[in-house]
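Survey of secondary and tertiary structure
For reference, the chains in residue letters:
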Amino acid sequence: MFRHVVLLKWTEDATEEQWAEVARRLSTLPDAIPELRSYQIGHDAGVNQGNFSFGVVADFDSAEDYIVYRDHPAHLAVIDECIAPILADRAAVQYVL
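Residues numbered from 1 in each chain as written. Predicted model: local features only at pLDDT ≥ 70, side-chain atom pairs only at ≥ 80, totals over all residues. Heavy atoms only, no water.

Per an unreviewed UniProt entry, the protein carries the name Dabb family protein and comes from Microbispora hainanensis.

1. Remarks on the packing of aromatic side chains
Scanning the model with the defined rule gives six aromatic pairs in all. On the basis of an interplanar angle of 40° and a centroid distance of 6.4 Å, the ring pair of Tyr66 and Tyr69 is categorised as tilted. Of the two residues, Tyr66 and Tyr69 both sit in helix α3 (residues 63-71), three residues apart, roughly one turn of that helix. Accessibility expressed as a relative area gives 2% for Tyr69, which makes it buried. Each member of the aromatic cluster is reached from another via a ring pair, and the members are Phe2, Tyr39, Phe60, Tyr66 and Tyr69. Over the ring of Phe52 we find Lys9, and its NZ or CZ is 5.0 Å from the ring centre. (Phe/Tyr/Trp six-rings, centres within 6.5 Å; stacked < 30°, edge-to-face > 60°. Helix = DSSP H or I, 4+ residues; strand = E, 2+ residues; numbered from the N terminus. Buried < 20%, exposed > 50% of the residue type's maximum accessible area, 1.4 Å probe, protein only. Lys NZ or Arg CZ within 6 Å of the ring centre and 35° of its normal.)

2. Thoughts on the side chain of Ser53
Structurally, Ser53 is set in the loop between β2 (38-43) and β3 (54-60). At 2.9 Å, the side chain of Ser53 and the backbone nitrogen of Trp10 are in polar contact. The contact partners of Ser53, leaving out residues within four places of it in the chain, are Leu8, Lys9, Trp10, Gly42, His43 and Asp44. (Polar contact = N/O pair within 3.5 Å; in protein donor to acceptor, adjacent residues only side chain to side chain. Contact = heavy atoms within 4.5 Å.)

3. Section: the packing of helix α1 (residues 16-26) against helix α4 (residues 73-83)
Where α1 meets α4, the axes come as close as 10 Å, and the angle between the chain directions of the two elements is 170°. Between α1 and α4, the crossing angle belongs to the class labelled roughly antiparallel. Taken together, the residues of α4 that come into contact with α1 (itself represented by Glu21, Val22, Arg25 and Leu26) are Ala77, Val78, Glu81, Cys82 and Ile83. Class assignment for the residues of the contact of α1 with α4 results in six nonpolar, no polar and three charged. (Axes fitted to C-alpha atoms, helices over the stretch in contact; angles between N-to-C directions. Parallel < 35°, antiparallel > 145°, perpendicular 65-115°, else oblique. Nonpolar A, V, L, I, M, F, W, Y, C, P; charged D, E, K, R; others polar.)

4. Some words on the UniProt feature "domain: Stress-response A/B barrel" (unreviewed entry) in the protein
Under the UniProt annotation, "domain: Stress-response A/B barrel" (unreviewed entry) lies at residues 2-95. Each end of residues 2-95 is marked by a C-alpha atom, and these two atoms are 6 Å apart; helix forms 37% of the span and strand 33%. (UniProt positions renumbered as here; feature names shortened; annotations may be inferred.)

5. With respect to the packing of α3 against α4
With their axes 5 Å apart at the nearest point, α3 and α4 run at an angle of 50° to one another. Between α3 and α4, the crossing angle belongs to the class labelled oblique. Contact with α3, carried on its side by Tyr69, Arg70 and Asp71, involves Pro73, His75 and Leu76 of α4 and no other residues of that element.

6. Observations concerning the sheet that holds strand β4 (residues 87-96)
Pairing within the open sheet is antiparallel, and its four strands lie in the order β2-β3-β1-β4. Only two strands of the sheet have a single partner each, and these edge strands are β2 and β4. Neighbouring strand axes in the sheet, compared pairwise and without regard to direction, differ in orientation by 10° on average. Examined bridge by bridge, strand β1 (residues 2-10) and β4 share nine bridges and lie antiparallel to one another. Considered in β4, the bridge of Val6 is made with Ala92. (Pairing = 2+ DSSP bridges.)

Written as structure tokens, this is what we have:
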């Protein structure tokens with residue numbers, strides 16, 4: 001199993017509507033990209049100061065399947081249209097389970 005974890009921090013002027021649109025659009029990806037085995041997304045719970053705003057945990061059978069997801073037009077469209085306009089910072093890691 002291959003896991004991809006990404007943390008996103010929104011700009012100060014990002015709106016709740018924009019946050020919701022990111023979540024809505026990302027939630028459509030499992031239907032569009034069959035290589036996704038497990039896909040969890042969510043906004044930070046607000047318990048600790050300084051956290052990132054949003055997280056994604058995606059599991060794949062292989063690194064090759066991750067690359068299909070990474071480069072998939074549906075995924076790239078969400079990044080370009082929804083995430084990039086409100087993105088202040090990003091951190092990511094991929095690892096084998």
